[in-house]
Amino acid sequence: MEKFSSLARFKSSCPFLGGTKTSTLRALSSTISPRFSSISQLTERAASCPIMGPALVMRSTQMVAGYASVAGQADVQKIHHSKGIFPGTSVSEADISKCPHASAARAAARMADDLAAASTAKASEVKKEIPSTAREAAAAGCPFHRAAAAAKEQPVKLPDMTETQATPTTSDAYNYDKFYAAELEKKHKDQSYRYFNNINRLATKFPIAHTASVKEEVQVWCANDYLGMGNNPVVLETMHRALDKYGAGAGGTRNIAGNSAMHLGLERELATLHRKEAALVFSSCYVANDATLSTLGSKLPGCVYFSDASNHASMIQGIRHSGAKKEIFKHNDLDDLEAKLKKYPKETPKIIAFESVYSMCGSIGPIKEICDLAEKYGAQTFLDEVHAVGLYGPRGAGVAEHLDWESHQLAGQSSEPIKDSVMDRIDMITGTLGKAYGAVGGYVAGSRDFIDMIRSYAPGFIFTTSLPPATVAGARASVIYQKHHVGDRALKQVNVRTVKERFAALDIPVVPGPSHIVPVLVGDAGLTKAASDKLLREHGIYVQAINFPTVAVGEERLRVTVTPRHTAEQIDGLITAMDTVFTELNINRISDWTKLGGRANVGTGKENVEPIWSNAQINTAGQSQTLHDGDMVLVDANAAQVVRKSFEDLLGPMELSETESIQKKVEAVVMTGAVEHIAGPLPKKVKARAPVNPIDMSVATTIAVSA
């Protein structure tokens, strides 16, 4: 009844339709009523017609009765279970939306109520109490609605407009609440509504978290704390000391009391990490990308952005906010990028914005080749290394560093740029402190004048309170630690390879890519949510569903994050649980996608992608082996000493008593450089290990802490 596809057929028999332009009727049929969110303006007018009004009400009542009839059947229970829905006694609006039947029934009931109200009264005369017969009928037999009805003895009421001063009482006032409800209904209808699970990661049990109940613990397999640095004892120690000395907050913006030695020290550390002249810290990398790109685009005269089609929302927003012209090139398509660059004179300011690791598909940008095109056509390069810093390169500076591994390894901790290296050729690099580094915040690094210009003009930097000193101290401690320790990221790659290989052996589809990202393709929004729910509820494994608009419709997935702290037993559990859920929900496997012609590069013969980390690079950390349940996690004492030394000027040297108290809790292992993670139970007396070949690191002690 909402779609009037043959308006001309009715115009001759209806005075209203006959006297109204077809374009007006089409506009009315596609515009939601401001008073009744479930019907269009045309349906609202039809409801007041003495002929159409009763017919519409009768038809809507029939629809509701139909849903009630279906709800009373035993098959409905099976439908719920097949979708991974197991209603409990406590039911919310969000719970109802999980069930396709209950959601449709609720929508039909709302339409019936709206039609009844529209056909009997004007907006100012609508009764505060709506008859609930339609909703009661829709609830019959459906466990979601039945539980909801049992919890509500009072009739459903509209909000009393006289009880709030915020909402005008005049009949022609816009109904904001109905607008909000209608927008949310759209998200529920297309299954893109986001559900946030209550997950509380435990500092002493990584990667374990508790849910809303502190007694219910689950394994986290989707956090962006890629290396577990959020609970690294060296990071926590530094934060505690900074908190005790400098307090909780920064005290203002960087311009007003919020520019501390901690902030300046972190910026120097980040500039050195990328071998750039300067860096600037923001509250997040979303803000860093948005503020930098919007400022550049608005200041550079006639600037044109060339943006990869798969760029993150923060980059898209920054380009949009700049007001500059943009050209979007196909993902990682150098030919398409060059064709678009050719359209503009070389003297036109141009910025190519792209990422190193694309977080939802795991692909890696062709950084070197894009630099070649930038030089050829007079463009600057803006590289987002958010999902790469801490994880790639001998010092964790990202993929740009990783591509010239040997050169950067030989250069050690020097801040000087390596001429003609890929990282040196990148003009602007952004990164985050909230993923591999386990803290919070974002940054941009580049030339001194470029950074100073962003500092001077970017509203996202100027007009926001700066990060707390303790947070900044923790972030810097994490960056320093990973600059001197390759073991965590090497072991992560070992575990990632293991998980990808075992998924492939079970025909479980993983979107192919050379990075650490493990995107398990499901291909349906409802199934993805159901799979996520079953993993959490039945297996104690938390993997968040990724739906539109984060990924394209039909490419929905479970994005699995494997860390160096996941044990062999936990990996076994993940593989078994995922296989079980795929079977129970009848989710397509690789062989199924192959028969369908493939999707998201799954089932297309492109599954065998060479990982960016070579075996030789992994072996830089020694023989990295997956942890087992009960193993102690070893901390690189050499890196820890560098961290402590770096903060002596502000926090003072560690007191001997503090060091002794830490040593009482750990056992020491003598080895060179990065940590060797030991498979199998640790012996009571840990033996010295053979030296490995690190990045110019002297023999150091490692200290074991409980996982």
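Residues numbered from 1 in each chain as written. Predicted model: local features only at pLDDT ≥ 70, side-chain atom pairs only at ≥ 80, totals over all residues. Heavy atoms only, no water.

Quick word on the overall build of the protein chain
A tally of helices and strands in the protein chain yields 31 helices and 17 strands. Considering only residue pairs separated by 6 or more positions, the protein chain has 72% of its internal contacts joining residues 24 or more positions apart. Here the protein chain displays about 32,400 Å² of accessible surface, and carbon together with sulfur accounts for 54% of that area. (Helix = DSSP H or I, 4+ residues; strand = E, 2+ residues; numbered from the N terminus. Contact = heavy atoms within 4.5 Å. Areas by Shrake-Rupley, 256 points an atom, 1.4 Å probe, with all protein chains shown as cover.)

Side note on the sheet that holds strand β11 (residues 518–521)
A sheet is described by the order of its strands in space; here 3 strands give the open sequence β11-β14-β13, paired in antiparallel fashion. If you trace the sheet from one side to the other, it starts and ends with β11 and β13 (545–546), each paired once. One ladder, built from 4 bridges, connects β11 with strand β14 (residues 557–560); its direction is antiparallel. Bridge pairing in β14 places P519 opposite R559. (Pairing = 2+ DSSP bridges.)

As for the sheet that holds strand β2 (residues 208–210)
What the 4 strands build is an open sheet, ordered β1-β2-β3-β12; its pairing is mixed. Every interior strand has two partners, whereas the edge strands, β1 (200–201) and β12 (541–542), have only one. Direction of pairing for β2 relative to strand β3 (residues 217–220): antiparallel, over a ladder of 3 bridges. Bridged to A209 within β3 is V218.

What about the confidence of the model for the protein chain?
For the protein chain, the mean per-residue pLDDT works out to 82, and 75% of the residues sit at or above 70. Scored below 50 in pLDDT, residues 136–140 makes 13 contacts in the model with residues more than four places away or belonging to other chains. Counting interchain partners and residues more than four positions distant, the pLDDT-below-50 stretch residues 151–168 has 15 contacts. (pLDDT = per-residue confidence, 0-100.)

Observations concerning the environment of Q570
With respect to the secondary-structure elements, Q570 resides in helix α26 (residues 568–584). For Q570 and D629, which are 59 residues apart along the polypeptide, the C-alpha to C-alpha distance reads 8.1 Å. Setting aside residues no more than four positions away along its own chain, Q570 makes contact with P207, I208, Q219, W221, R565 and D629. Side-chain polar atoms of Q570 contact the backbone nitrogen of T567, separated by 3.0 Å. (Polar contact = N/O pair within 3.5 Å; in protein donor to acceptor, adjacent residues only side chain to side chain.)

A look at the environment of Q625
The topology assignment puts Q625 in the loop between α28 (615–618) and β15 (632–636). The exposure class assigned to Q625 is partly exposed, which follows from its relative accessible area of 36%. As for Q625 and K492, which are separated by 133 residues in sequence, their C-alpha atoms are 9.8 Å apart. (Buried < 20%, exposed > 50% of the residue type's maximum accessible area, 1.4 Å probe, protein only.)

Concerning the pattern of salt bridges
Enumeration over the complete set of coordinates arrives at 24 salt bridges. Note that E237 is salt-bridged to R644, the shortest N-O span being 2.8 Å. Placement of the pair is E237 in helix α12 (residues 233–246) and R644 in helix α29 (residues 637–646), with a sequence separation of 407 residues. Of the residues examined, R644 reaches a relative accessible area of 21% and is grouped as partly exposed. Across the salt bridge formed by K340 and D336, the nearest N and O atoms sit 2.9 Å from each other. Taken together, the residues K340 and D336, both in helix α16 (residues 334–341) and 4 residues apart, mark about one turn of the helix. Here K340 matches D336 in class, with each residue buried. Each member of the salt-bridge network shares a partner with another, and the members are K368, D372, E375 and R425. (Salt bridge = Lys/Arg side-chain N within 4 Å of Asp/Glu carboxyl O.)

Quick look at the pairing of strand β5 (residues 304–308)
Across the 5 residues that make up β5, a large majority, 5, are buried. Residues V304, F306 and D308 of β5 are buried on one face, and the alternating residues Y305 and S307, pointing to the opposite face, are buried as well. Here 5 bridges tie β5 to strand β6 (residues 325–329), and the two strands are oriented parallel to one another. Looking at the pairing, Y305 lines up with K326 of β6. One crossover worth recording links β5 to the parallel β6 by way of helix α15 (residues 313–322), and it is right-handed. (Right-handed = clockwise from strand over helix to strand, strands pointing away.)

Focus: a nonpolar patch on the surface
There is a patch of nonpolar side chains on the surface, built from Y174, Y176, F179 and Y180 and spanning about 430 Å² of accessible area. For Y180, the location among the structural elements is in helix α11 (residues 176–189). (Patch = residues over 30% accessible without salt bridge, like charges linked within 9 Å, V, L, I, M, F, W, Y side chains within 5 Å.)

Overview of the packing of helix α14 (residues 285–299) against helix α21 (residues 448–457)
Relative to each other, α14 and α21 sit at 95 degrees, their axes nearing to 10 Å. With respect to each other, α14 and α21 are oriented roughly perpendicular. Contacts from T292, T295, L296 and K299 in α14 reach F450, M453, I454 and Y457 in α21. In terms of residue class, the contact of α14 with α21 is made up of 5 nonpolar, 2 polar and 1 charged. (Axes fitted to C-alpha atoms, helices over the stretch in contact; angles between N-to-C directions. Parallel < 35°, antiparallel > 145°, perpendicular 65-115°, else oblique. Nonpolar A, V, L, I, M, F, W, Y, C, P; charged D, E, K, R; others polar.)

Section: the pairing of strand β7 (residues 350–355)
Among the 6 residues that make up β7, 6 are buried, leaving the element largely enclosed by the rest of the structure. Judged by which residues are buried, β7 turns out to be covered on both faces: K350, I352 and F354 on one side and I351, A353 and E355 on the other are all buried. In this sheet, β7 lies alongside β5 in parallel orientation, the contact comprising 4 bridges. Note that in β7 the partner of Y305 across the bridge is I351.

A closer look at the nonpolar core
In this structure, L270 and I352 are the most contacted members of the largest nonpolar core, which totals 74 residues. At 8 residues, helix α23 (residues 469–483) tops the list of elements feeding residues into this core. Setting aside its immediate chain neighbours within four residues, I352 contacts F306, F329, L337, L341, I370, A374, A379, Q380, T381 and F382. (Core = buried A, V, L, I, M, F, W, Y, C linked by side-chain atoms within 4.5 Å.)

Comments concerning helix α13 (residues 261–273)
Turn by turn, an α-helix covers 3.6 residues, leaving residues three or four places apart pointing in a common direction. An ideal rise of 1.5 Å per residue puts 18 Å on 13 residues; α13 measures up with 18 Å between its terminal C-alpha atoms. Burial of α13 is extensive: 10 of the 13 residues sit out of reach of the surface. Of all the positions in α13, only M262, H263, G265, L266, E267, E269, L270, A271, T272 and L273 are classed as buried. Against α12, β4 (278–282), α20 (422–425), β10 (442–446), α23 and α30 (648–651) lie the buried residues of α13. R275 sits one or two residues past α13 and shows a positive phi near 55 degrees. (Expected span 1.5 Å × (residues − 1).)

Structural notes on α29
The set of residues buried in α29 consists of A637, N638, A639, A640 and V643. Two or three places before N638, at the opening of α29, D636 has a side-chain oxygen 2.9 Å from that residue's backbone nitrogen.

Overview of unusual backbone geometry
In this structure, P207 follows F206 across a cis peptide bond, with omega equal to 10 degrees. Positionally, P207 belongs in the loop between β1 and β2. The step from F548 to P549 runs through a cis peptide bond, and the omega angle for that step is 10 degrees. Here the phi dihedral of N601 falls at roughly 70 degrees; this positive angle occurs in a residue that is not glycine.

Concerning the packing of α16 against helix α17 (residues 367–377)
The contact between α16 and α17 brings their axes to 11 Å, and the two run at 15 degrees. Considering their axes alone, α16 and α17 lie roughly parallel with respect to each other. Judged by the sense of rotation from one axis to the other, the crossing of α16 with α17 is right-handed. Contacts from L334, L337, E338 and L341 in α16 reach E369, I370, L373, K376 and Y377 in α17. When the residues that make up the contact of α16 with α17 are grouped by side-chain class, the tally is 6 nonpolar, no polar and 3 charged. (Left-handed = near helix turned anticlockwise from the far one by under 90°.)

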